[in-house]
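The chain contents come next:
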Amino acid sequence: MKELKKLFAVIAVMALMLSLVACGEPPKEQKAEEPAPKAEAVKEEPKTVKAGFVYVSPVGDAGYSYAHDLGRKVVEDLDFASTAFVESVPEGADSERVIRNMARSGFDIIFTTSFGYMDPTIKVAKEFPDVDFMHCSGFQKSANVSNYFGRIYQPRYLTGLVAGSMTKSNKLGYVAAYPIPEVIRGINAFTLGAREVNPDAEVRVVWTKTWYDPALEKDAAKSLLDAGCDVIAQHQDSPAPQEAAQEAGAYSVGYNSDMSSFAPKAHLTSAMWNWGPAYVKMVEEVRDGTWKGDQSYWWSIKDGAVDIAPMGPMVPEDVKAMVNAHRDELMAGKDTIFTGPIKNQQGEVVIAEGVTPPDSDLLGMTWFVEGVVGTTE
């Protein structure tokens, strides 16, 4: 048995030697493998910003919501943004429901475009802290809510210069929505412009207590025409007051957009909005992560947010030149529209000579200037 084991051991050693000879030299120590090249970083696609808009009237109103929707369409054309809107949303509970539904649907920023949407916007924003909200024409703010508006009183003043130059009766009519600072401030600026060129001019105000009701707006304009007004201005969303003025052979001043196509024989000019640049700026900030809540924006004619429409062919060239000279001053940042002395309806000086009130006073304006016929109620 021992001899057999020795024989097996000899055979195993011989087999090992033969395998080494067949394989050549024993393998040398191998180098560690080179690390695989790193994969190139994947280029991150630009963020798609989803923007929602809530309107108080139909986008076909040719007025306020129409102007906002023109701005939305500029955003829609951006390659990094998508938009949606809901129109004809009443202020109050209905607007809260619509705003909340948008927030639940994954919108990154929501623009609520009517004054009466302010409280619902603030309420919904608390429930959705990761959504950005922009409220138009209000004053409340929070960590994820900013408010914005434009100095529409600047083109209001310019249109007042036109109206005051064109009236023969010295009676200008103003169809107005609600007696809130935004509207009162515009009426005052219009009146200051009119009386600057025509100290005898007076502005008669009729309140409709609605933003959009073409039939009611037209009836209000007719009542002013019946009272002897020969120029009709408006803070309303439809061109109905323009149409009433043309039917009566009077002149008119539009609002929100160029309304000349609705009353070409009457339309002197319009105070207009241009929301596109502002909306693009806000959406770009959301994309870049630089958007901030708790801000207030009040853009001017210099910023491109507001302007006047081209003046009609019935406006004399010297009047156009005068108005454009005032516009040039505003474009240069020289805004003295509300620089005193300015009197109220009772003839009392409420802004002293040489004093320019701060924006906070203008934003809270609740009184009429001298030359306005009507109440702030």
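Residues numbered from 1 in each chain as written. Predicted model: local features only at pLDDT ≥ 70, side-chain atom pairs only at ≥ 80, totals over all residues. Heavy atoms only, no water.

**Here's the deal with the nonpolar core**
Taken as a class, soluble globular proteins show a tendency for nonpolar side chains to be buried jointly. If you look at the biggest cluster of nonpolar residues, it comprises 95 residues, and the most contacted ones within it are Ile109 and Phe111. Not counting the four nearest positions on each side in its chain, Phe111 is found in contact with Ala51, Gly52, Phe53, Val54, Met134, Tyr148, Tyr279, Met282 and Val283. (Core = buried A, V, L, I, M, F, W, Y, C linked by side-chain atoms within 4.5 Å. Buried < 20%, exposed > 50% of the residue type's maximum accessible area, 1.4 Å probe, protein only. Contact = heavy atoms within 4.5 Å.)

**Observations regarding the sheet that holds strand 8 (residues 231-235)**
Strand order in the open sheet formed by seven strands is 12-10-9-8-6-7-15, and the pairing between neighbours is mixed. Edge positions in the sheet fall to strand 12 (306-308) and strand 15 (372-373), since each of these pairs with one other strand and no more. As defined by bridge partners, strand 6 (residues 171-176) adjoins strand 7 (residues 202-207) across six bridges and the pair is classed as parallel. Within the sheet, the bridge partner assigned to Ala176 lies in strand 7 and is Trp207. Where helix 5 (residues 153-166) meets the sheet, it contacts strand 6, strand 8, strand 9 (251-256), strand 10 (267-273) and strand 12, and its direction lies at approximately 175° from that of strand 10. (Pairing = 2+ DSSP bridges. Helix = DSSP H or I, 4+ residues; strand = E, 2+ residues; numbered from the N terminus. Axes fitted to C-alpha atoms, helices over the stretch in contact; angles between N-to-C directions.)

**Observations concerning the sheet that holds strand 11 (residues 296-299)**
The strand order across the open sheet formed by six strands is 2-1-3-4-5-11, and the pairing between neighbours is parallel. Every interior strand has two partners, whereas the edge strands, strand 2 (81-86) and strand 11, have only one. Neighbour-to-neighbour, the strand axes of this sheet turn through a mean angle of 20°, independent of strand direction. Those strands touched by helix 3 (residues 93-104) are strand 1 (49-54), strand 2, strand 3 (109-112) and strand 4 (132-136), and its axis lies near 170° from that of strand 1. Along the sheet face, helix 4 (residues 118-127) touches strand 3, strand 4 and strand 5 (145-150) and points at about 170° away from the line of strand 4.

**Side note on helix 7 (residues 214-226)**
Between its first and last C-alpha atoms helix 7 spans 18 Å; for 13 residues at 1.5 Å apiece the expected length is 18 Å, and the two agree. Listed as buried for helix 7 are Glu217, Lys218, Ala220, Ala221, Leu224 and Leu225. Looking straight down helix 7, one finds its buried side chains confined to an arc of 160°; they lie on one side. Exposed side chains of helix 7 directed beyond 90 degrees from the buried face belong to Ala215 and Asp226. In the stretch just after helix 7, Gly228 is the one whose phi turns positive, near 100°. (Expected span 1.5 Å × (residues − 1). Arc of directions from axis to C-beta.)

**Here's the deal with the packing of aromatic side chains**
Within the structure shown, the criterion is met by 18 aromatic pairs. With 6.2 Å between their ring centres and 90° between their planes, Phe111 and Tyr148 make a pair best called edge-to-face. On the criterion of sequence distance, the pair formed by Phe111 in strand 3 and Tyr148 in strand 5 is long-range, its members being 37 residues apart. The same class applies to Phe111 as to Tyr148, namely buried. Judged by centre distance (6.1 Å) and plane angle (50°), the rings of Tyr148 and Trp299 are tilted. Placement of Tyr148 in strand 5 and of Trp299 in strand 11 is noted, with a sequence separation of 151 residues between them. Per residue, the accessibility class of Tyr148 equals that of Trp299, and both read buried. Every member of this aromatic cluster is reached through a ring pair, and the members are Phe53, Tyr55, Phe85, Phe111, Tyr148, Phe149, Trp273, Trp275, Tyr279, Tyr297 and Trp299. Directly above the ring of Phe107 sits Lys50, whose terminal nitrogen or CZ lies 4.5 Å from the centroid. Above the plane of the ring of Tyr255 lies Arg156, whose end atom (NZ or CZ) is 4.0 Å from the centre. (Phe/Tyr/Trp six-rings, centres within 6.5 Å; stacked < 30°, edge-to-face > 60°. Lys NZ or Arg CZ within 6 Å of the ring centre and 35° of its normal.)

Don't take any of this as a statement about function, it's just geometry.
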